[in-house]
Amino acid sequence: MMMRQFRVYGTVQGVGFRPFVYRTAAELGLDGWVANVDGHVEGEVAGPPPAIDEFASRLRTAAPVLARVRRVQLADSARQAAYRTGFHVRHSAPAPADRTAREVPPDAAICEACLHELRDPADRRHRYPFINCTDCGPRATIVEDLPYDRIRTTMRRFPLCADCAAEYADPADRRFHAEPIACPVCGPELAWEELRGEAALQAAVKTVVGGGIVALKGLGGYQLVCDAGDPAAVAELRRRKRRRTKPFAVMVRDLGTAARLARIGATERGVLTSPERPVVLLARMPWHGSDPLAPEVHPGLHRIGLFLPTTGLHHLLLDDLNRPLVVTSGNLGEEPITIDDEEARRVLAGVADGFLTHDRPIRSRYDDSVVQCTGRTRITVRRARGLAPAPLPLLVNEPVAGAGAQLKHTFTLAADGQAHLGPHTGDLADAATHEAFLTSYDQLKRLTGIEPVALAHDLHPGYLSTQWAETQRLRRIPVQHHHAHVAACAAEHGVRGPFLGVAYDGLGLGDDGTLWGGEILVADLSGYRRVGRFATAPLPGGDAAVRHPSRAALGRLLGGEPLGFPRPYPWLTRSFTDRLDPAEVDIVRTMVARDVNCPRASSAGRLFDTVAALLGLADRVSYEGEAAVLLEAAAGDEHAVPLAHRVVRAQGLWVYDPAPTLADLLGRQADGEPAARLAAAFHVTLGLVTADLVARAVAEGAPHTVCLGGGCFVNRRLLTEVKRRLHAQGLRVLVGGQVPVGDGGISYGQAAVAAARLAQER
C-alpha cells in the first residue's frame, strides 16, 4: 500500500470532476478523498502502486466532457496509508497560501440525458425548464465565488428537497455534486405576470403565436423572442429595438431543421451541437416555395446565424411552437444585455409584449457567442456564453491585464500561463456598456484572484478603455492597435519568434499619429515594424464617413494619396455622384480641398465601404461593418476576373494604391458588368494584393509565418482568397480560432504584448 497526494489544475470545478474522481477511485479499489480547493481540485489516494498509476493516468486522459485538465501534480504523502477507509468527497477547503489563478467554468447547453428526461412524461423533471446535471447547465452566470459550490452560487436560495438531496449525495447518480441541481419541488419557477410554471410558459407561447414579442430570461441575460417566419413580428421587433438592418439570429429545434435552412458541413455540425451552443453563421439553402424565415430576419444577405436551444426552457418553447424563433439580445441599440429583473421591465417595457421570467438571479451577463467556419477553420466572431471566461494559453509570468478597444469590447486578465477573456461587452461609447465593463472586470478579477501588475491599453486617447486605464494605479503599457491584432493570433497559436502580420480592419491609431487599417507588419510579441500598407485617403467628417460610406468613397476619389496614378476621369464617377445629394457632394469636395476635418486613413475596412458605395450597395449604414457585409453578400461565390492593381514603393514601405482598382471597377461598371461580379472581383483583387505585399516583405527577409488579424478577416471570401494565395507561396498562415479575429481579440493581444515586454525586462 502507498499514499499519494494529487492536485489537478484547469477547468475542474463545476464540471463534474469530483464525482469523476470518486468513481475512478472506486473502480480501482482506492481509498482517499477529493475536494475543491480555491480554483483547483486536490486530495489523497491510497492503494496498490499500479492502481494509483492508473488513477493518475485517468485524471489526465478520461476527464468529463466539460473539464479542461491543464496540469496534474502528484507527490508522496507524509502520512501512512489508511486501509479500507473508502473514498470520499469532502467539503471545499480554504484557499492555500500559494494560490494560482482560478478558473471559472463557462455555462454549458442542456445535455442529451437531461433533454430525454425533459420530454419523458414519467420523469419527475418532465417539462421542468431548469433541468441540469454535472454535464450541463449554468456555471459562469450564477457563480458568486470560488471554490464552486452551491452555497457560492445564486442557487443557494433554493434548499434541496429530499429527492434532489439524495441525488446530490449519491456517487452513482449523474447529479452527484451537481451544484445547480433543481426540480419542480425545490428549484426556480417560471413567471408571467401572476401566472406560474406551465401556465406562464403557455402564456408566452400564445403571445408568440399571436405575432407578439416576448422578453425571456435566458442563461446570461434577457432575450427578445418572436416568430422568425412572421414578417410583421420581425419588422415590429426591428422598430421597437431600434435595429434597422442588422441581421437577427435564429434558434431552431434541432439539427435537421437547421440543415433545411442552411448549408452545414461537418465542422459546422460539430460546433452547432457542442456544449457551447454558439450562433453559427451559415450560408442559406435555396428555398423553393414559402420561405419559413421572414426576409426581415437577414435583409439583403445570403448568410444567417443559426443556433440550437441552450436550455430546457428554449427546448420547451420550440417544442410547443414548432417554428424557428428570432432570439436576440434583450437590450436597446448597442446597450449591454439586461440581467436584472426590474431593469429589464424598465428598459424593455416598450419592446416586449410580455415577460417570461423566473426567480433564479443572473450574477454575470453573457450574451450569445458567435462563430463561423471556413473549411475546417473555426473563427470566433464574438466570445461570450459557453466560451468565456474559459482560459486560453498565454506565455505570461507576472499577472497582466488588457483593457481592450472601443468597439466589440472585451478585457483580458492573464496569469500563470493562462489568459481569461472577459465576455463580449459591446461599444464602450454607450454609458451603460461602459458600466457593464467595469462590473464584469471587477467580478472576474475577484473570481480568478488575478491582481495585475501591469495594464496594457490602446494608443487611442479617445477610447474609453484607454481613459479608464489611465485612472488605474498600475504600470501602463500602450500597445498599437494592429500590433495587438496580429499578436493575438500569434499568441493563440504559440508563435514565440518573429512573424509577418497582416492586419486589416476599420480604424486604429498608428504610432505615427495617423489612422491605420491596412497594415503589413514584421513583428514578434514585444514589438513590430511596419513594412507595408494601403494608400491613405481622407475621411470627410471623421466618424461621419464611417456611418456614410458614400463619404468615404468621395474622400477616396477626391483626395486619395497621390502615388503617380491618375484619379478616375470625372465621367466615370458621375454615375456615382449624380445619385448623391448635390449639396453634400459640394460640402465634401470643399472639406477635402481645404483639408477640414478629414483625417487620413490607410484602412482596408474603409476601402470596402468605398467599393460598396460605388456599387450602390450602401450609402449609409446602421451598424459598424454593414457595407462590408453587403459587399461580401453581393460577391457570393461568383467567379470574376481581378481588377487592376499595383503596389509601389513609397517612404520606405510597400504601398497598395487602390486608384487603378477603382478606375477599373468604375469602367467595368460603366460597361454594364453586374455589381455581383465586380464585388467578387474586388475580393479576388485584395487576395492578389495581399499576396503581393507579403511576397515583397518575405523577399526582404520577413518570416515565413503569417498571422492574420482584424475585423476584415471575418469576411469568409477575403479570408479564403488570402489564405489560398499565401499557402501557394509556401507560407504558414494562421488566423485566430478561439480568440476573436476582430476587436474582441484586442485585449488578448494587448496582454500578450505586455507579458512579452515584462519578460524582456527580467
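Remember, it's a predicted structure, so these values are computed and weren't measured experimentally.

Novice: Give a description of the pattern of salt bridges that names residues and reports values.
Specialist: All told, the structure shown has 45 salt bridges when counted by the stated rule. In this structure, Asp 664 engages Arg 668 in a salt bridge whose closest nitrogen and oxygen atoms are separated by 3.5 Å. Remark: Arg 668 and Asp 664 occur in helix α20 (residues 659–670); sequence separation between them is four residues, near one turn of the helix. Each of the salt bridges in this network shares a partner with another, and the network as a whole consists of Arg 18, Asp 149, Arg 152 and Glu 179.

Novice: Account for helix α9 (residues 312–321), with residues named and values stated.
Specialist: Every α-helical turn comprises 3.6 residues, leaving residues that sit three or four positions apart pointing alike. By the criterion of burial, α9 is predominantly enclosed, with eight of the ten residues buried. Buried within α9 we find Gly 312, Leu 313, His 314, His 315, Leu 316, Leu 317, Leu 318 and Leu 321. Backbone geometry just after α9 places Asn 322 at a positive phi near 55 degrees.

Novice: For the packing of aromatic side chains, give the residues involved together with the corresponding values.
Specialist: Aromatic rings in a pair are described by how distant their centres are and how their planes are angled relative to each other. Overall, the coordinates contain 15 aromatic pairs when judged by the stated rule. Measuring from ring centre to ring centre gives 6.0 Å for Phe 411 and Phe 437, while their planes differ by 45 degrees; the resulting arrangement is tilted. Pair noted here: Phe 411 is in the loop between β18 (400–402) and β19 (412–415) and Phe 437 is in helix α11 (residues 431–448), with a separation of 26 residues, a long-range link. For the pair Phe 411 and Phe 437, one class covers both residues: buried. Here Tyr 504 and Phe 713 contribute two aromatic rings whose centre-to-centre distance is 5.4 Å and whose plane-to-plane angle is 15 degrees, an arrangement assigned as stacked. Note that Tyr 504 is positioned in strand β23 (residues 499–509) and Phe 713 in the loop between β30 (705–709) and α22 (716–728), a separation of 209 residues in sequence. Phe 713 carries the same exposure label as Tyr 504, and that label is buried.

Novice: Got a sec to walk through the UniProt feature "active site" (unreviewed entry) in the protein chain? Specific residues and values, please.
Specialist: With numbering matched to this structure, UniProt assigns "active site" (unreviewed entry) to Arg 18 and Asn 36. Taken together, the annotated residues stretch across 19 residues yet fold into one region, lying no more than 7.7 Å apart by C-alpha. In this structure, Arg 18 sits in helix α1 (residues 17–27). Here Arg 18 falls in the buried class, since its relative accessible area comes to 5%. With residues up to four places along the chain from it excluded, the contact list for Arg 18 reads Val 34, Ala 35, Asn 36, Val 41, Val 89, Arg 90, Ser 92, Tyr 148, Asp 149, His 177 and Glu 179.

Analysis parameters
- Residues numbered from 1 in each chain as written.
- Predicted model: local features only at pLDDT ≥ 70, side-chain atom pairs only at ≥ 80, totals over all residues.
- Heavy atoms only, no water.
- Salt bridge = Lys/Arg side-chain N within 4 Å of Asp/Glu carboxyl O.
- Helix = DSSP H or I, 4+ residues; strand = E, 2+ residues; numbered from the N terminus.
- Buried < 20%, exposed > 50% of the residue type's maximum accessible area, 1.4 Å probe, protein only.
- Phe/Tyr/Trp six-rings, centres within 6.5 Å; stacked < 30°, edge-to-face > 60°.
- UniProt positions renumbered as here; feature names shortened; annotations may be inferred.
- Contact = heavy atoms within 4.5 Å.

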